[in-house]
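A closer look at the structure
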Amino acid sequence: MSRVNTVLGPIPTEELGLVAVHEHIGYGMPGSELDTRWWKTPEERYGETVPKLRRFHEYGGGTFVDATGICNGRDIDYYRSLSEKTGVHIIASTGFVGGDTALPFFERASVEYLAEHFVHEITVGIGGSGGKAGIIKVGVSRGGRMTDLDKRIYRAAARAARATGVGVLTHLAIDAENAIAIFNEEGLPLDRVLFGHVDDGVNADKTRDTWIAEQGGRIGFDTFGYETELPDPPFWARPRRERLEHFLRFIDGGEGRIRQVLASADANCSPLGWPGVKGHTVNYIFEDLIPDLRAAGLGEAAIKTIFVDNPADFLTIQH
Amino acid sequence: MPGAQTAANATGGTVNTVLGPVPARDLGVVAVHEALLSVLPGAEYAFDVTIDRAEVFEILAGKLRDFRERGGGTIVDGTGMFHGRDLRLYEALSRTTGVHIVASTGQGPEGLLGGYFLTPQTDPPTPWPAEKFADLFAEEVTEGMVVPRVERRGAAGLVATAATREGMTATDESLFRGAARAALATGVPVSLRHGNDAVRDLEVVLDEGLPAGRVAVGGLDRADAVASGAPLEIAARGAFVLLDCVGTEDGGHITDAERASLVAELVAAGHGARVLLSSGATGVAKGHPANEVGYGHVLTAFAPLLKARGLGDEDVRRILVGNPRDLLSVR
């Protein structure tokens, strides 16, 4: 039986449809909830979020993977109501965006405890919400190198992925040698890992995307839409043409490479602890990216591979 | 907004409690540095940590009633804004038990901050400077303490912060300077836990122009602090000497007998108006070990030791009532 955990319960892989594999309902660094400058009423939050998800659904989007980790404003009850009311499947993450977003309780925890926590959120549920995690988020802290805490989180994630069969999704793919060494030591096949943000403006030059692919990892071009052409681009923005060419070069770069690649927009429906980027939404996938790919000569089969088949393989719980 | 009265509409001689400003003369005996619900940041998300509010309430109400029966009037929750502070629970506890509850703003040390303050989404990710902490803390006095992403409630009664035990970091210094500026702007005091050099840490907040009489320096019953002579030096500079682990005898601290001698020594040196006592008890602890000493320990177990050292009733009352009243009165 093929299955994937969504916040409303398991669904068959066949129901996922087109997947936005690295998105956020709302992201905020831990502690941002103390700063009233970011507060929004529930009316505002639903008002900013529901139309984007409904539009996503109308465009033919099936599943929204929320890559917001523990301590970053992840809110399963809220995601459940959004999913139920819009018809979009939402997959939540356990794990952390990076060591620098893990609060002191988890910073002090052992690898064994972290793994147990992740497994609990995947198999039993997240808090009292009843929703289960469908993916494990890990990441590299600010500064460009994996910290000791980052490494403990990666190791715990590898163990939890092996124990439960869900995949691991990374924030940044820099310092991949250290990451892959940990996954190898823990015996996690690299096709269970999506190495994300290989395309962002700060780190693309430092990210060994083809090397990671050669090792067997999946590759996430998942910051599409953060463009220097925007009126107020974030520091990780990149020229639109440059990112697209990077993507096309990558999938043309080797036999079967297209089977390893996933794409997403990493947009916030309603940011929690930062201003967000005006005009950038998950629907960049439909409004800009897929048209750009078609214009570049990709056929419908290739588009289905990138947005439907590859995410289905990655997200399906392995037994 | 219930309970949203702030220092701005309070007149002199009042203290900010979670139920609003209270005349300072009504505080009675004050436990000036305790914890009600104490949650190590992040523990609230842990799969094996349960925070049953009804149960927490029952436990805390029992401890507060015990404190009241022993003669206590006011509890100061010194855990700041990011260590389990639960304002609606504290309001209900205060209404139910009749004990005044003063809650604190502030954070620290650096190791207890969220990533929002340490690695913000800017390039480079520069930690927050003093000025931003000052605004964050001051607004919790002038506009009310936050229930995260929901509302503001009553005014904070003090700013609590701490330095890293191994020594003040650059971000700790920003916290201290921010705390001092918030105190200057709003009239509430600063209660700080020193790192490895109490006098130097005090000097950081004094350097911001905060009068020493608006500062309580905690951690001064730690064995290392006492060995360095810090308590007398802090008192000589005019700040409050806060022995905040009364009842803890763990090797890292002096014993209660030694604390009593230290207090007698401070009083004899003319610093009776600068001594504060508290137990640093944790009513309910989540994600870290509790300090199970009762809130009433100072009153019933420790005060007799002071009298045995020759302190009179007036001396003891000044330490338990007058000094905390002077500290907590909004200026």
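Summarised in this report is the structure supplied together with it. (Residues numbered from 1 in each chain as written. Chains lettered and ligands numbered in written order. Predicted model: local features only at pLDDT ≥ 70, side-chain atom pairs only at ≥ 80, totals over all residues.)

**Side note on the environment of Leu93(B)**
All names here are of chain B. In this structure, Leu-93 sits in helix 2 (residues 87-97). Each C-alpha atom of the pair Leu-93 and Leu-118 lies 34 Å from the other, and the pair is 25 residues apart in sequence. Ignoring anything within four residues of it in the chain, the contact list for Leu-93 reads Phe-57, Leu-60, Ala-61, Leu-64 and Ile-101. (Helix = DSSP H or I, 4+ residues; strand = E, 2+ residues; numbered from the N terminus. Contact = placed C-beta atoms within 7 Å.)

**Focus on the interface of chain B and chain A**
Each partner contributes to the interface: chain B provides 27 residues, whereas chain A provides 25 residues. Sort the elements by how many residues they give to the side of chain B that touches chain A and helix 3 (residues 115-118) of chain B lands first, with four residues. Grouping the amino acids of the side of chain B that touches chain A by side-chain chemistry returns 18 nonpolar, seven polar and two charged. (Nonpolar A, V, L, I, M, F, W, Y, C, P; charged D, E, K, R; others polar.)

**Topic: unusual backbone geometry**
The peptide bond linking Gly108(B) to Pro109(B) adopts the cis configuration, its omega dihedral lying at 0°. Considering the arrangement of structural elements, one finds Pro109(B) in the loop between strand 5 (100-105) and helix 3. The step from Asp123(B) to Pro124(B) runs through a cis peptide bond, and the omega angle for that step is -5°. Relative to the assigned elements, Pro124(B) resides in the loop between helix 3 and helix 4 (130-142). Positioned with a positive phi, Leu172(A) is a non-glycine residue whose angle comes to about 80°. Within the fold, Leu172(A) resides in the loop between strand 7 (167-171) and helix 6 (176-185). Overall, the presence of 27 C-beta atoms within 10 Å leaves Leu172(A) in the buried class. (Buried ≥ 20, exposed ≤ 12 C-beta atoms within 10 Å, placed from the backbone.)

**Some thoughts on the packing of helix 9 (residues 256-268) of chain B against helix 10 (residues 297-308) of chain B**
Residue and element names in this part refer to chain B. The interhelical angle for the contact between helix 9 and helix 10, taken along N-to-C directions, is 50°, at an axis separation of 9 Å. Comparing the axis directions of helix 9 and helix 10 gives the class oblique. Helix 10 is crossed by helix 9, and the crossing has right-handed handedness. Of helix 10, the residues touching helix 9 (which contributes Asp-256, Ala-257, Ala-260 and Val-263) are Phe-302, Leu-305 and Leu-306. (Axes fitted to C-alpha atoms, helices over the stretch in contact; angles between N-to-C directions. Parallel < 35°, antiparallel > 145°, perpendicular 65-115°, else oblique. Left-handed = near helix turned anticlockwise from the far one by under 90°.)

**Quick notes on the sheet that holds strand 8 (residues 158-162) of chain B**
The strands that make up a sheet are held in pairs by hydrogen bonds between backbone atoms, and each pair lies either parallel or antiparallel. Residues and elements named next belong to chain B. Pairing in this open sheet of nine strands is parallel, and the strands run 12-11-10-9-8-5-4-3-13 from one edge to the other. Edge positions in the sheet fall to strand 12 (275-277) and strand 13 (282-286), since each of these pairs with one other strand and no more. For this sheet, the mean angle separating the axes of adjacent strands, direction not counted, is 30°. Where strand 5 lies against strand 8, two bridges are found, and the strand directions are parallel. Bridge pairing links Ser-104 to Leu-158 in strand 8. (Pairing = 2+ DSSP bridges.)

**Some thoughts on the sheet that holds strand 9 (residues 218-221) of chain A**
Residue and element names in this part refer to chain A. Here we have eight strands laid out as an open sheet, ordered 3-4-5-6-7-8-9-10, and parallel in their pairing. On the outer flanks of this sheet lie strand 3 (18-23) and strand 10 (261-263), each paired with one strand and no other. Strand-to-strand twist across the sheet, computed as the mean angle between neighbouring axes with direction ignored, equals 30°. Inspection of the sheet shows strand 6 (residues 133-139) paired to strand 7 by five bridges, in the parallel sense.

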